Amino acid sequence: MPPYKLLALLTASSIYGTSFATSSFLPSTTGISGASTTAGVITIPLSSYSFTPYPTPTLTPRPPVFPATDPLNPPEVSSDRHVVPDFAPAWAIAYQKARNLISNYTTEEKSNITTGTGWENGLCETNIPPNKNFSGLCLEDSPLAVLGADFTTVFPAGIHVASTWNRALMRARGLALGQEFKGKGVNVALGPMMNMGRVAQGGRNWEGFGADPFLAGESAYETVLGLQHGGVQSCAKHFINNEQEQFRATESSNVDDRTQHEIYAHPFLRSVMAGLSAVMCSYNLINNTHACNNDKMLNDILKREYGFQGFVMSDAYATTTTLAAVAGLDMTIPGDITFNSGDSYFGGNLTNYVNEGYISMARLDDMATRIIAAWYFLHQDEDYPATNFNTFNQNDEVNNKHVNVQADHYRLVREIGAAGTVLLKNTNGALPLNKPRNMVLIGSDAGPGKSGPNEFLFGTGSDGILASGWGSGTGTFSYLISPLEGIQERARQNGSSVFWDFDDWNTDLAGAMAFGQAVALVFTSSDSGEGLFTVDGNAGDRKNLTAWNNGDNLILAVAAQNNNTIVVVNSVGPLIVEPWIEHPNITAVVWAGIQGQEAGNAIADVLYGAYNPSGRLPYTIAKDPADYPAQIITNGSGSGIVQINYTEGLFIDYRHFDQANITPRFEFGFGLSYTTFSYSDLGVAAIQSLDVDEEDLIIAWESGEASPIAEGSSVALWLHEPAFQVTFKVTNTGRVSGTEIPQLYIHHPSSACEPPSVLKGFTNVEMGPNDTKHVSITLSRYDLSVWDVVAQGWRKPDGQISFSVGASSRDFRLWGVMPA
Ligand code: BGC
């Protein structure tokens, strides 16, 4: 059976089969066409809901800071944030076209636009049927590849591009992915994923952008701009608080309003500011209301506060009621209530609810308008390629046209692979490698998988180099370069002898192989994925933070025999490295992340110094798992909803370590280079506002008043325009070229009750030896604000705001105070 057929069955029956089935809300099927429905009776009294769509935030473009922007022509990437693109005019045009089109639609036709055709009923994971001039939609995973299509590229994971702290690479990856999705005829790419890594063991953390909202927000912003520049609609997911896989559909993430705004919702806000087309609501409940039926999150925060103009779709089978439409859900995917059930909460049921007055026609119009407007917004009405693959069967010779969309994206994959690699330890000049006489590569992670990179369905396993986690967030590899291949190719240039041993469990052999070698490279990994699948006892989330496949013992066995042992780690997230990190024979540690198809080449580039490492940790590596502020909840409470209380509030990852005065092994933002840098000449100045119309709001903010509530109030120009400029100099004080990643952390006054340090700026500075560069990092009023729960607005806290600039969250080099 072809892998994707098997997958379909697996996914269908065992995973989605029963957990979401509830039909007590279903009305009678009389008169329904489109998606068929199950007969049923309305069992609760319903009243008619009035509805007024949220208008486009009334913004007036003010170039050059606030230019009217089309998603196909985004502002150029900058290493600092100077430009706030204004997508409102482009949305307004798209809305007009969408309204015109649906003015000729029947109620049923409008409902059908909101409803996927059902599992495996079409070429893509979700298919929205065509109607009149609307082509219909193909919606497809993943955040790192076009899932289920051949001739595509598997890019480094989200966590890895975040580790680059390099906006140009984030943007370039988004663009290349966007071009591949478009080339395959996908309308909506189901990514990026921007959950926060609240828990270090969280199964899908590797799909996202790390454990800091600012870093995740910038990564999301650039990725969305890039994807949509490539032509595809981007769908930000999972909204919101899907922070662990176990119980993902039966847990309530209980989160206070301030934490929600400042931590978890921030990457979505930045995505909306990038002109985002779609948002996927998550499986979990938030404060005991399902995410896809959550008026507060969908209508109030996303559509009202953020002024989101695109559409909200459910995660697969995450819709629980037709009335979710009233709470802000615009589309249900893949359409059916449970796998192949043939009915839908939307489709015919939605038509009935509208016809019977339970849901207003204005709301249905808004749903269909949003979906079709996003299609016009991306100009997908103009010569967009038809879907040319079958996600369920790559050998479908009728529909799979085998279009090669890879271009030269492998170069970018290799560059990001190297740029996201973090050098954690380097003693005795161990790295870069200098023509070693001989070397041995030890550990299965150094070699190819036994049956190739697609051996395990959806990446649910790995017996070779770990280049992706598992689940719907992975891709189909065209090829995968292992470290053995990448290093051997490079070693040949120096005539070095290369040996290897991929047996993780025979530590005697590993030690014997390492003895006498000029360099012993030990490779280890740690994997996780979507909770649809359990791998080696890990139910999506990792069950511990130790290296897989006997990694710690293997490393120690090698280090016992070789005093130049270099450890290379491919991990989905933090690992406890205490058993070996201080071993005197371990001369270097290379944190190689999740690199995609060019992993082996990227690792070789870093080891040999062809790429001077500049990656920085996007999370904290603790000394003890208990040091992290939150853990996976693994105990359910019978058939009830599992309550997960986010009691740590704002204090996730380094914010907690700083607050509780816990010394981590490697702090957030840490990473070494083959050169060294110094910092000097700090300056800070206020920038004159461009938003002359909003001068009174700025004055009110300066005096400590919260921003007012209005459509799009959280994305207002006056709040996000550059308001302060921090300047300083960085000098490369070493002997080789390199890239420094200066980071800016705000320290709020104690009145704010904020963590001691919060990241609010970073940039990347490339320098030759002895070069000095002037660096600028701008801050907005939003960056200095906290969320005022009572006033429901962004407010500058009382007291003096200071800041530090430095090389990590604990390596500050310059200190300053914000102008009052
Ligand atoms: C995942 C989503 C994915 C969707 C469609 C779900 O299981 O949580 O991330 O986009 O399936 O495949």
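Computed from a prediction, not measured in an experiment: that's the story for all the values here.

A. Representation of the site of the ligand. Residues in contact with the ligand amount to 14 residues; listed here are only the nearest, Asp141, Arg204, His238, Asp315 and Glu530. Arg204 is positioned with one of its side-chain polar atoms (N or O) 2.7 Å from an oxygen atom of the ligand. Here Arg248 contributes a side-chain N or O atom positioned 3.2 Å from an oxygen atom of the ligand. For the ligand, whose accessible area on its own is 310 Å², the fraction buried by protein is 96%. A per-class count over the shell around the ligand returns 5 nonpolar, 2 polar and 7 charged.

B. Examining the packing of aromatic side chains more closely. Overall, the coordinates contain 24 aromatic pairs when judged by the stated rule. Each ring, one from Phe458 and one from Phe533, has its centre 5.8 Å from the other, and the planes form 55°; the classification is tilted. Linking Phe458 in the loop between strand E11 (438–442) and helix H14 (483–491) with Phe533 in the loop between strand E13 (519–526) and helix H16 (551–559), this pair joins segments that are 75 residues apart in sequence. Ring geometry for Tyr654 and Phe668: centres 4.5 Å apart, planes at 20°, overall stacked. Remark: Phe668 occurs in the loop between helix H18 (654–659) and strand E17 (677–686) and Tyr654 occurs in helix H18; sequence separation between them is 14 residues. Residue classification places Phe668 among the buried positions, given a relative accessible area of 0%. Grouped by ring-pair contacts, the aromatic residues Trp165, Phe214, Tyr654, Phe668, Tyr745, Phe762 and Phe812 constitute a single cluster. When the ring centre of Phe762 is taken as reference, the NZ or CZ atom of Arg167 above it lies at 4.2 Å. The cationic tip of Arg198 hangs over the ring face of Tyr646; the distance from NZ or CZ to the ring centre is 3.9 Å.

C. Main features of the nonpolar core. If you look at the biggest cluster of nonpolar residues, it comprises 159 residues, and the most contacted ones within it are Phe134, Leu137, Met313, Met331, Ile372, Phe728 and Leu759. Judged by nonpolar contacts, the second largest core, of 69 residues, contains Val422, Ala491, Val498 and Ala520.

D. Here's a closer look at the UniProt feature "domain: Fibronectin type III-like" (unreviewed entry) in the chain. According to UniProt, the positions carrying the feature "domain: Fibronectin type III-like" (unreviewed entry) are residues 740–809. Here residues 740–809 runs as 6% helix and 51% strand, with 14 Å between its end C-alpha atoms.

E. Quick look at the pattern of salt bridges. Summed over all chains, the structure comprises 34 salt bridges. The salt bridge involving Asp300 is made with Lys296; its shortest N-O contact spans 2.9 Å. Highlighted residues: Asp300 and Lys296, both in helix H9 (residues 295–305), separated by 4 residues, approximately one helical turn. In this structure Lys296 comes out as partly exposed when scored by relative accessible area, which is 32%. Close ionic contact of Arg363 with Asp330 constitutes a salt bridge, the shortest N to O distance being 2.7 Å. Of this pair, Arg363 sits in helix H12 (residues 361–377) while Asp330 is found in the loop between helix H10 (324–327) and helix H11 (347–355), placing the two residues 33 residues apart along the sequence. Among the residues examined, Arg363 registers a relative accessible area of 2% and is labelled buried. Classification of Asp330 by relative accessible area gives buried; the value is 0%.

F. The arrangement of unusual backbone geometry in detail. Here Gly191 and Pro192 are connected by a cis peptide whose omega angle stands at 5°. If you trace the backbone, Pro192 turns up in the loop between strand E3 (188–189) and helix H6 (213–229). The omega angle of the peptide bond from Ile333 to Pro334 is -10°, so this bond is cis rather than trans. Considering the arrangement of structural elements, one finds Pro334 in the loop between H10 and H11. At Asp383, a position not held by glycine, the phi torsion is positive, near 55°. With respect to the secondary-structure elements, Asp383 resides in the loop between H12 and helix H13 (409–419). Overall, Asp383 belongs to the exposed group, its relative accessible area being 77%.

G. Molecular detail of helix H17 (residues 599–607). Within H17, 9 of the 9 residues are buried, leaving the element largely enclosed by the surrounding structure. Along H17, the residues classified as buried are Ala599, Gly600, Asn601, Ala602, Ile603, Ala604, Asp605, Val606 and Leu607. Tucked into the core, H17 has its buried residues touching H13, H14, E13, strand E14 (565–571) and strand E15 (586–591). Directly beyond the C-terminal end of H17, a positive phi value near 80° is found at Gly609.

H. Representation of the packing of H6 against helix H8 (residues 266–273) in the model. Packing of H6 against H8 brings their axes to within 8 Å, and their N-to-C directions diverge by 25°. The angle between H6 and H8 places the two elements in the roughly parallel class. The two elements H6 and H8 meet at a crossing, and its hand is right-handed. Here H6 contributes Pro213, Phe214, Ala216, Gly217, Glu218, Ala220, Tyr221 and Val224 to the contact with H8, which in turn contributes His266, Pro267, Arg270, Ser271 and Met273. A per-class count over the contact of H6 with H8 returns 8 nonpolar, 3 polar and 2 charged.

I. Focus on the state of the cysteines. On inspection of all chains with the given rule, the structure shows 2 disulfides. Across the disulfide from Cys124 sits Cys138; the S-S distance is 2.0 Å. With the S-S bond torsion at -100°, the cross-link from Cys124 to Cys138 turns out left-handed. In this pair, Cys124 is assigned in the loop between helix H3 (107–113) and strand E1 (126–128) and Cys138 in strand E2 (residues 137–140), connecting sequence segments 14 residues apart. Comparing Cys124 with Cys138, the two get one shared label, buried. The disulfide that involves Cys281 links it to Cys292, with 2.1 Å between the sulfurs. As the torsion about the S-S bond is roughly 110°, the Cys281-Cys292 disulfide counts as right-handed. Of this pair, Cys281 sits in strand E6 (residues 278–281) while Cys292 sits in the loop between strand E8 (289–290) and H9, and the two are 11 residues apart along the sequence. Grouping residues by exposure puts Cys281 and Cys292 together as buried. Look at the chain and number its bonded cysteines as they come in the sequence; the links are 1-2, 3-4.

Procedures and definitions
- Residues numbered from 1 in each chain as written.
- Predicted model: local features only at pLDDT ≥ 70, side-chain atom pairs only at ≥ 80, totals over all residues.
- Heavy atoms only, no water.
- Near = heavy atom within 4 Å.
- Polar contact = N/O pair within 3.5 Å; in protein donor to acceptor, adjacent residues only side chain to side chain.
- Areas by Shrake-Rupley, 256 points an atom, 1.4 Å probe, with all protein chains shown as cover.
- Nonpolar A, V, L, I, M, F, W, Y, C, P; charged D, E, K, R; others polar.
- Phe/Tyr/Trp six-rings, centres within 6.5 Å; stacked < 30°, edge-to-face > 60°.
- Helix = DSSP H or I, 4+ residues; strand = E, 2+ residues; numbered from the N terminus.
- Buried < 20%, exposed > 50% of the residue type's maximum accessible area, 1.4 Å probe, protein only.
- Lys NZ or Arg CZ within 6 Å of the ring centre and 35° of its normal.
- Core = buried A, V, L, I, M, F, W, Y, C linked by side-chain atoms within 4.5 Å.
- UniProt positions renumbered as here; feature names shortened; annotations may be inferred.
- Salt bridge = Lys/Arg side-chain N within 4 Å of Asp/Glu carboxyl O.
- Contact = heavy atoms within 4.5 Å.
- Axes fitted to C-alpha atoms, helices over the stretch in contact; angles between N-to-C directions.
- Parallel < 35°, antiparallel > 145°, perpendicular 65-115°, else oblique.
- Left-handed = near helix turned anticlockwise from the far one by under 90°.
- Disulfide = S-S within 2.5 Å.

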